[in-house]
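Observations on the three-dimensional arrangement
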Amino acid sequence: KTRISAGDITYIAMSAALLAVCAWISIPTVIPFTLQTFAVFLIADTLDMKRSVYSLSVYLLLGIWTALSASSIATLVWVYAAGLITIPSVPLNKPA
């Protein structure tokens, strides 16, 4: 059995919060982009695989909960379909 310690929960929560903040920071260029992609790769690089997957999954689940409470299923499908496939798989592709 593996247990999640209080330190793990802290790292997971802080990483999810960092990802949420970086999603709102936009860099105005010819094609504007956010720092969300940077945060995903930063989390995948600095944390181990278990914590990375948990923190990115927490972020996605909070987004799904927000979309379900504020809008319809159609919004949920359009906004999160790509994220559910790509974002949690980033830490899995990290070399050992």
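Residues numbered from 1 in each chain as written. Predicted model: local features only at pLDDT ≥ 70, side-chain atom pairs only at ≥ 80, totals over all residues. Heavy atoms only, no water.

**Considerations on the packing of helix H1 (residues 6–24) against helix H2 (residues 36–46)**
Note the following rule: Axes here mean lines fitted to C-alpha atoms, for a helix over just the part in contact, with angles spanning 0 to 180 degrees between N-to-C directions. Helix numbering and strand numbering both begin at the N terminus, where a helix is a DSSP run of H or I of at least 4 residues and a strand a DSSP run of E of at least 2. Any angle from 65 to 115 degrees is called roughly perpendicular, while one under 35 is roughly parallel, one over 145 is roughly antiparallel, and all others are oblique. Definitions for this section: a left-handed crossing has its near helix turned counterclockwise from the far helix by less than a right angle. A right-handed crossing has that turn clockwise. We call two residues contacting when some pair of their heavy atoms lies within 4.5 Å.
Remark: H1 packs on H2, axes separated minimally by 8 Å, with the N-to-C direction vectors making an angle of 160 degrees. Relative to H2, H1 is oriented roughly antiparallel. Handedness of the crossing formed by H1 with H2: right-handed. Along the contact surface, H1 presents Ser-15, Leu-18, Leu-19, Cys-22 and Ala-23, while H2 presents Gln-36, Ala-39, Val-40, Leu-42 and Ile-43.

**What to know about the confidence of the model for the chain**
Do not read the fine detail of predicted coordinates wherever pLDDT is low. The following threshold applies: pLDDT measures how confident the predictor is about each residue, on a scale from 0 to 100.
Within the chain, residue pLDDT values average 78, and 67% of them lie at 70 or more. Confidence, expressed as mean pLDDT per element, reaches its minimum in the chain at helix H4 (residues 73–86) with 58 and its maximum at H1 with 91.

**Overview of a nonpolar patch on the surface**
The following threshold applies: Residues with no salt bridge and a relative accessible area higher than 30% make up the patches, which join like charges within 9 Å and nonpolar side chains (Val, Leu, Ile, Met, Phe, Trp, Tyr) within 5 Å. Using a 1.4 Å probe, the Shrake-Rupley method yields the accessible areas, and only the shown protein chains count as cover for residues. One side-chain nitrogen of Lys or Arg within 4 Å of one carboxyl oxygen of Asp or Glu is enough to make a salt bridge.
The grouping of Ile-4, Ile-9 and Tyr-54 at the surface amounts to a nonpolar patch, some 270 Å² of accessible area in total. Along the polypeptide, Tyr-54 turns up in helix H3 (residues 49–70).

**A short note on the side chain of Ser-55**
For Ser-55, the location among the structural elements is in helix H3. Among residues more than four places away in sequence, those in contact with Ser-55 are Ile-12, Ser-15, Ala-16, Ile-43 and Leu-47.

**Focus: the nonpolar core**
Convention followed: Take the buried residues of types Ala, Val, Leu, Ile, Met, Phe, Trp, Tyr and Cys, join any two whose side-chain atoms come within 4.5 Å, and each joined set is a nonpolar core. Only protein chains enter the accessibility calculation, which uses a 1.4 Å probe. A residue is then buried if its area is under 20% of the maximum for its type, exposed if over 50%, and partly exposed in between.
Of all hydrophobic cores here, the largest spans 9 residues; its members are Ala-16, Leu-19, Cys-22, Ala-39, Val-40, Ile-43, Leu-47, Leu-56 and Tyr-59. Discounting residues that sit within four places of it in the chain, Ala-16 has contacts with Ser-55, Val-58 and Tyr-59.

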